[in-house]
Structures are given as C-alpha cells and as structure tokens.
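A look at the structure
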Amino acid sequence: MKIEQIYTGCLAEAAYYIESNGEAAIIDPLREVQPYLKKAKLAGATIKYIFETHFHADFVSGHVDLAQHSGAKIIYGPTAQTTFDSYIAQDGETFKIGDLTITTLHTPGHTPESTTYLLSDKDGKPYCIFTGDTLFIGDVGRPDLVQKGAQTAEEMAGILYDSLQSKILSLPDDVLVYPAHGAGSACGKHMSKETFDTLGHQKEVNYALKTANREDFIQQVTEGTLPPPQYFAKNAAINKNGYESFAQVKEKGLIPMEPEEFEATVNHMGALILDTRDPQDFAGSFIPSSINIGLNGQFAPWVGALITDLKQPLLLIVEEGKAEEAITRLARVGYDHTIGYLEGGISAWIAAGKDVETIGSVAVAEFEEMMHIHPDLKVLDVRKPGEYEAGHLECTLTRPLDYINDWTNEINPSATYYIHCAGGYRSMIAASILKARGVENVIDIKGGYAAIRSTSLKRTDNSAAAKELKS
C-alpha cells in the first residue's frame, strides 16, 4: 500500500496518490496531470479511478485531462451532476484499488455533493479518510459557498454538523485525516499548518469538533467568515462543466515576444500586463499600467481575488525561465488566456527605449520621522481585517487588498498615499493597482507592519485577536 500526499504550498492544496498491486487512484488532482501519470508509469501501475471530493471552488482540478490521458473513471459523490463523463457514486458504495477498499461517505455541508472517501486496508481495517473540504486539520469547510437561492450558510452549517456526527466522528480515533487544504486556503478560517492528523487528536483540538451542540456549531462555524474570493464560483462552474486542455493553454501562452510586438499586442488585444517579479524588483522599474503579483508569494489566489474576468487576455513579465511556471499557476485557478510573455523581461523593454515607471519606498525610520512632523499623512493598511484588528497604527485606514476593486473609487488620485501590509508583498500589489488606475503618488513602507512595530508610533494592539490569528 502506498499513499502519498502531494502538497502544493502556493495553493495550500493537497492531492493524493494511492497505489496497491499495480492499481492506482488520484484524489483531487491539480490542473497539470503529468506528475500523476509519471508516478503511475514509474511504478508500473494503472490509474483506475480519479476521486473528486466535491466541485472545488479555489482551483481547477485536473480530473478531465487526467481521465483523457489515463482512461481512469472520474468518481463524484451523491447529488453531483457534470456535463462530462463521470460516475456518481451512491452513499456507502465501495471501490477496489488492488488490496484496498475505498468507501464513499456522503458528507454534505461545505457543498451539497461533498464526499469523504474512507480507505480500508487489505484486512478491511479503516486506515484513513480523504475529507476534501468537509474536515480540515483545525477547522471544517466554510458552509457559505452554495449558489444564491439555495440553502443559507446556517442551513448548510447544520447539514455539515450532521455529516460530521453521523459519518466521520464515529470512525476509530486512529484513523488518519487527509484534507484537501491547509493553512492559507480561503476554504476555512482556522486551518492548521499541519497537513494531516489522527481523527482522535482532531476531536481534542479542533474547535468545530468540540462545540457543545448543533446550534453552537452553526454559530461558531458561520461567524467571522469573510466573503469568498470572486473567482470561487467561477472555478466551481469550470470543475462541473469541463475546460480546455492544459496542453493547449500552455501552448498559446508560451509565446515569447520582442518589446515592439509585446507593446502592439497590449494595445490591440486590450491585454493586462501581469508582472510576476518580486515586489522590490518591480518597484525599481516597470511597464506603465502593469500590475505586480509576485510569483514567489500566493500568486494564483491573489490573481483570482483581484482580476475579475477569467477570460482577460494576459501578457506576462517574468524572470528568466519562469514563463511556464506562471502560466501553469494561472491555469490552476482558471485563467487560461495568457497570450505571451516579454522575452528578455524588463531589461529588454528598457534596452528598446520604452517608457518605465517606478514606485517609491520609504524605510520605517524615515516614515516614523515623517509621521511626527506630518501626522495627517494618508496611510493605507491593506492587510486582512483580522490582521488589522490584531494590531495597527492608529493613523491608518484599513483598506484590505482583497476588496481593492470596491474601495478604489474612494481614493483621491492627486493625493499621496503611504501603503503597508505585513511584510511588503501585498502592499506592492495594491500600489501597482492604484498606480495603474491613475493614482500617481503611492509610496510603499519597507518591511510593512513587522517593521512598523519597532517604531514609537502609536499603535492599537489586541493581544487576544493576535493570538486568535496565529492559532
């Protein structure tokens, strides 16, 4: 028996490779499927099944491509409906993978079709559960992703409570819990950095599993949940209805362009220039109207949160050799319309005599001095509401990056704004968007709030909120 968790940190997503006696199964695969095919080929195994725990909202699954390449059958749990060929399993139905048995446990609540898969060993002993977004390590799935007009978040939370009580918590304590996500995912709010655990330990430490009753569970699970990113519903629809093959997406995106062609394509296609370099590299010199979302951070989720049109043509600025990685990570969240990248990067653009812009930055010591002289400076804190609540400068305005498309119209384009996040990644995204939208004077505070804490500037700190944020 082989069970391998394949964890992708930038998405906080876990796929699984299961193998026994020459047969294999994949659970919740990512968009690019070659790694799974390679694993099976090297092991001399045939991929028999592709199990999907639900219609994922935060990434595009590789189920359709993988089925076409491997001949494996796509399995969903009860109530799922797809427009492609799939098998809808009944609650309690079993599937064999070599000596192993996978049992379908319908566990609605996160979504109506959410399903947990119980794996039993060759002797029939329950070994682990693949819980998707039903049960995380330290949390449970958010219950507010159902389509408008269906059940309310409270109703779905009640259904989730029933699923956990009747299908999961009755299993042996030594059963391993393998979820679809870890800390950093927007599919929950208190996920642990750990990516698996025993069910028994989760009963002891998971707040949602320790609630007093159904009503208490509903209240705790639904309160304090931020609205889902705008791309969630769109990705769920893609997973339900199918998509263009990843090979085709990569082929049309991996087109190197010289500066003249790049510029002409921007103008002709109305393409958005997405600069994926590190924030400080971007700030030093960038193409006017380009947006910075660094490849070395939570790249794909931020693209999904901020670029509202999945069909928006994209042209990329990347570091040498990073074009394919950027295209891949965009496709993972449904952005399939990359149409090329600037060959030679920003250096080629400058060498061609093209215009560039910069974004200024200020060290915290200088910022501290300026604040003492000019306490009315406009300072934007673009961290999430919970981070702001845990501690912030008294002079700042909370303007979460997640909702920049909602608050940009409040910004005075002729004013000067100082911007910070926790460390600098998100503040540069915000600065680049504001700059592209006509706000000339945006200045990044180096080191973000982590550096600001070392100054004498007046802050409001909430130790309880900070502790809650870290837990």
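See the structure printed just above.
Residues numbered from 1 in each chain as written. Predicted model: local features only at pLDDT ≥ 70, side-chain atom pairs only at ≥ 80, totals over all residues. Heavy atoms only, no water.

What follows covers the pattern of salt bridges. Under the criterion given, the structure shown has 24 salt bridges. With a shortest N-O distance of 2.7 Å, R142 and D144 are connected by a salt bridge. Measuring nitrogen to oxygen at the nearest pair gives 2.8 Å for the salt bridge that ties E387 to R426. With a gap of 39 residues between them, E387 in helix α14 (residues 385-390) and R426 in helix α16 (residues 425-436) connect regions that are remote in the sequence. What makes R426 buried here is its relative accessible area of 12%. Put simply, K2, E4 and K39 are held in one network by salt bridges that share partners. (Salt bridge = Lys/Arg side-chain N within 4 Å of Asp/Glu carboxyl O. Helix = DSSP H or I, 4+ residues; strand = E, 2+ residues; numbered from the N terminus. Buried < 20%, exposed > 50% of the residue type's maximum accessible area, 1.4 Å probe, protein only.)

Moving on, we get to the packing of aromatic side chains. A complete count under the given rule lists 15 aromatic pairs for this structure. Their ring planes at 40 degrees and their centres at 4.8 Å tell us that F55 and Y76 sit as a pair that is tilted. Taken together, the residues span a long stretch of sequence, with F55 in the loop between β4 (46-51) and α2 (63-70) and Y76 in strand β5 (residues 73-76) at a distance of 21 residues. Y76 carries the same exposure label as F55, and that label is buried. Arranged with centres 5.7 Å apart and planes meeting at 45 degrees, the rings of Y178 and F196 form a pair that is tilted. Highlighted residues: Y178 in strand β11 (residues 176-179) and F196 in the loop between β11 and β12 (197-198), separated in sequence by 18 residues. Its relative accessible area of 9% is what places Y178 among the buried residues. Connected via pairs of aromatic rings, a cluster forms that spans Y49, F51, Y87, F95 and Y117. In this structure, R383 packs its charged tip against the face of Y449, placed 4.2 Å from the ring centre. (Phe/Tyr/Trp six-rings, centres within 6.5 Å; stacked < 30°, edge-to-face > 60°. Lys NZ or Arg CZ within 6 Å of the ring centre and 35° of its normal.)

It is worth spelling out the sheet that holds strand β6 (residues 87-88) at this point. Within the open sheet, the six strands sit side by side as β1-β2-β3-β4-β5-β6. Their pairing is mixed. Lying at the two open borders of the sheet, with one neighbouring strand each, are β1 (2-8) and β6. Of the strand pairs in this sheet, β4 and β5 are connected by three bridges, and their pairing is parallel. Counted as the bridge partner of I50 is I74 from β5. (Pairing = 2+ DSSP bridges.)

Once that is clear, we can look at the sheet that holds strand β9 (residues 115-120). Pairing in this open sheet of six strands is mixed, and the strands run β7-β8-β9-β10-β11-β12 from one edge to the other. Here the strands that pair on one side only, and so sit at the sheet edges, are β7 (94-97) and β12.

So, on to the environment of L11. If you trace the backbone, L11 turns up in the loop between β1 and β2 (13-20). In contact with L11, other than residues within four places in its own chain, are L30, D58, F59, H181, A300, P301, R332 and V333. (Contact = heavy atoms within 4.5 Å.)

This next bit is on the nonpolar core. Ranked by internal contacts, the top residues of the largest apolar core, which has 85 residues, are I293, L306, Y335 and L434. Considering each element in turn, this core owes the most residues, seven residues, to α16. Dropping the residues within four chain positions of it, L306 is found in contact with I293, L401, D402, I404, N405, I429 and I433. Counting residues in hydrophobic clusters, the runner-up holds 20 residues, among them I129, L160, L169 and L209. (Core = buried A, V, L, I, M, F, W, Y, C linked by side-chain atoms within 4.5 Å.)

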